[in-house]
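# Coordinates in review
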Amino acid sequence: MANPTPHGGQVFSIARFLDRRPSEIWDFSANINPLGPPDSVKAAVRSAIDTLQHYPDSTHHESKEILAHQLTVDPGSLLIGNGAAEIIDMVLRYRRPRRVIVLDPAFGEYRAAAHRNRISVVGIPLGADSFEVPWDDIVSTAETGDLVVWNNPHNPSGRCFGRQTYEAPLRLLSDRGVFLLIDESFLDFVPAQEEVSALSFLQSPQSLVTVVRSLTKYYAIPGLRFGFAVADPHWVQQVETVRDGWSVNQLAQAAAIAGLMDTEFKQRSQTWLHQTQRQVAALWQNSAQYVRYPTQVNFFLLRWAREETSRQLSQALQSQAILVRRADDFVGLGPAYWRIAIRGADDNEHLYQATQALLHHLGMQS
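Here the structure is a predicted model, which means the values were calculated and not measured.

### Focus: helix α12 (residues 345-361)
Between its terminal C-alpha atoms α12 stretches 24 Å, which fits the 24 Å expected from 17 residues at 1.5 Å a residue. Those residues of α12 not exposed but buried are D347, N348, L351, Y352, A354, T355, Q356, L358 and L359. Immediately downstream of α12, the backbone of G363 shows phi near 75 degrees, a positive value.

This is how it looks when you write it as structure tokens:
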């Protein structure tokens with residue numbers, strides 16, 4: 001039996017391995033909103049099929065106008081990409097930092113993008129188990145020309161940090177000439193976004209801050225992909241003249257526009273997440289076998305007392321077509337940790353009961 005993939009969402013390869021259909025896989029490894037894609041997005045994609053004989057809009061005009069209105073930003077400050085991963089890659093390619101400073105554990109794409117662009121990486125560990133950000137260490141380490149990348153809400157812990165906790169050190173770093181990339185890909189799952197987002201840092205001219213967001217997970221369109229950045233308009237204009245203008249296809253743009261305008265879907269998503277977060281907390285109560293970390297988004301982190309328990313369970317669950325994201329490749333975590341997506345109530349119950357049954361079978365009842 002193969003180990004679970006180090007990246008979530010590999011449903012097609014796992015389905016081939018298990019000789020199952022993708023629809024038969026219970027995927028808790030990718031943090032996708034189970035309520036989506038919304039009907040509005042599906043309808044928009046169907047309508048957009050009739051435009052496939054044309055090249056996509058390389059200016060991303062309509063999606064920029066909607067985002068600018070919703071975020072109260074200049075449309076010229078928006079950079080649209082094929083998911084957050086392409087945006088991150090463009091930031092590193094065109095900012096050309098001296099070093100990339102990553103706060104571990106972190107989304108693996110930060111290191112991967114730095115390596116692709118031949119930029120050295122410096123890792124700074126977050127607080128053990130608390131995932132607190134060691135701002136004093138970051139300020140003492142980062143130098144002019146470096147780029148600090150951090151995600152808030154934090155992946156993989158699910159913790160969210162209010163702006164008051166990071167505003168002062170980020171201003172100090174920016175004044176020093178340090179680039180800042182704040183990845184807010186999961187912010188749509190947070191109710192009080194204005195208390196968390198770093199968008200206010202972009203009000204100053206020639207800002208060194210880039211805020212990255214993704215629609216892929218919230219609107220459940222990883223098969224299309226749509227991400228964007230908000231940054232200094234002068235820098236965005238420079239990037240637009242040299243980037244690949246065709247990377248965001250027509251269907252993805254139509255899906256993003258429809259999703260952004262669907263207020264009813266946003267309300268349903270907030271209600272669903274509030275209810276299922278409570279369900280998850282009631283199911284996965286801490287035991288001698290594991291510790292569950294509190295979360296403010298659509299996934300949570302679990303730490304098993306023994307790595308061998310984690311390995312045995314994740315492999316046994318995979319044989320039952322249930323995928324969890326084991327954190328083998330997260331620097332500072334390792335195979336004892338699982339990152340688990342929150343899905344519908346029945347699915348969440350299914351994962352918990354399957355895990356408990358396996359613990360009982362293995363003689364490790366929690």
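### Brief notes about the sheet that holds strand β13 (residues 334-341)
Strand order across the open sheet formed by four strands is β9-β10-β13-β12, with antiparallel pairing between neighbours. Looking at the sheet topology across the chains shown, the edges are occupied by β9 (290-292) and β12 (325-327). Neighbour-to-neighbour, the strand axes of the sheet open up by a mean angle of 30 degrees, direction not taken into account. Strand direction decides the pairing type here: strand β10 (residues 299-304) and β13, joined by five bridges, are antiparallel. Each residue of the ladder has a partner; that of L302, found in β13, is W338. Across the face of the sheet, helix α11 (residues 307-319) comes into contact with β10, β12 and β13 while running at roughly 45 degrees to β13. In this fold α12 packs onto β9, β10 and β13, with an angle of close to 150 degrees to the strand it touches most, β13.

### Describing the layout of surface pockets
Empty space within the second largest pocket amounts to approximately 640 Å³. What lines the second largest pocket is a set of 30 residues, among which Q70, L71, Q193, L199 and R213 lie closest to the centre. Elements supplying a minimum of two residues to the lining of the second largest pocket: α3 (61-71), β8 (227-230) and α10 (263-283). Broken down by element, the residue count for the lining of the second largest pocket peaks at three residues, all from α3. Tallied by class, the residues present in the lining of the second largest pocket amount to 14 nonpolar, nine polar and seven charged.

### Some points on the sheet that holds strand β4 (residues 120-125)
Taken together, the seven strands give an open sheet; going across it, the order is β2-β8-β7-β6-β5-β3-β4, and neighbouring strands pair in mixed fashion. Each having just a single partner strand, β2 (78-81) and β4 make up the two edges of the open sheet. Taken pair by pair, the neighbouring strands of this sheet meet at an average axis angle of 20 degrees, ignoring direction. Pairing analysis gives four bridges linking β2 to β8, with the strands arranged antiparallel. Among the inter-strand pairings, L78 is bridged to a residue of β8, identified as V230.

### Observations regarding α11
Its 13 residues give α11 an end-to-end C-alpha distance of 19 Å, which sits within 8% of 18 Å, the value for a rise of 1.5 Å per residue. For α11, every residue scored as buried is listed here: T309, S310, L313, S314, L317 and Q318. Axial view of α11: buried residues confined to an arc of 155 degrees, hence all on one face. Residues of α11 that are buried in the fold lie against α1 (11-18), β10, β11 (322-323), β12, β13 and α12. Positive phi shows up at A321, right after α11, with a value of about 70 degrees.

### Some points on the packing of aromatic side chains
Aromatic rings considered in pairs are described by the distance between their centres and by the relative angle of their planes. Within the structure shown, the criterion is met by 19 aromatic pairs. Seen from their ring centres, Y218 and Y219 are 5.0 Å apart, and the 85 degrees between their planes marks the pair as edge-to-face. Each member of the pair, Y218 as well as Y219, carries the same accessibility label: buried. Taken together, the ring pairs in this structure connect F186, F189, Y218, Y219, F265 and F299 into an aromatic cluster. One cation-aromatic arrangement involves R339 over F299; the distance from NZ or CZ to the ring centre is 5.9 Å. Over the ring of F28 we find R343, and its NZ or CZ is 5.4 Å from the ring centre.

### What about the nonpolar core?
Ranked by internal contacts, the top residues of the largest apolar core, which has 92 residues, are F226, F228 and W284. Examining the composition of this core, we find that eight residues originate from one element, helix α9 (residues 250-260), more than from any other. Ignoring any residue separated from it by four or fewer positions in sequence, one finds W284 in contact with Y290, R292, F300, L302, L351, Y352 and T355. Counting 25 residues, the second-largest nonpolar core is a separate cluster that includes M90, I119, F179 and V212.

### Notes on the environment of A256
Considering the arrangement of structural elements, one finds A256 in helix α9. Separated by 190 residues in sequence, A256 and I66 have C-alpha atoms that sit 9.7 Å apart. If sequence neighbours within four positions are ignored, A256 has contacts with L215 and F226.

### Structural notes on the pairing of β10
Burial analysis of β10 places five of its six residues in the buried class, the great majority of the element. The pairing of β9 with β10 spans three bridges and is antiparallel. Each residue of the ladder has a partner; that of Y290, found in β10, is W304. Where β9 hands over to β10, the hairpin turn is made up of six residues, counted between the paired strands.

Rules and cut-offs
- Residues numbered from 1 in each chain as written.
- Predicted model: local features only at pLDDT ≥ 70, side-chain atom pairs only at ≥ 80, totals over all residues.
- Heavy atoms only, no water.
- Helix = DSSP H or I, 4+ residues; strand = E, 2+ residues; numbered from the N terminus.
- Expected span 1.5 Å × (residues − 1).
- Buried < 20%, exposed > 50% of the residue type's maximum accessible area, 1.4 Å probe, protein only.
- Pairing = 2+ DSSP bridges.
- Axes fitted to C-alpha atoms, helices over the stretch in contact; angles between N-to-C directions.
- Contact = heavy atoms within 4.5 Å.
- 1 Å grid on protein atoms, 1.4 Å probe; cavity = no way out; pocket = protein on both sides within 12 Å on 5 of 7 lines; lining within 4 Å.
- Points joined across faces, edges and corners; volume = space filled by probe spheres on them.
- Nonpolar A, V, L, I, M, F, W, Y, C, P; charged D, E, K, R; others polar.
- Arc of directions from axis to C-beta.
- Phe/Tyr/Trp six-rings, centres within 6.5 Å; stacked < 30°, edge-to-face > 60°.
- Lys NZ or Arg CZ within 6 Å of the ring centre and 35° of its normal.
- Core = buried A, V, L, I, M, F, W, Y, C linked by side-chain atoms within 4.5 Å.

Read these as layout, nothing more, since geometry by itself doesn't imply function.
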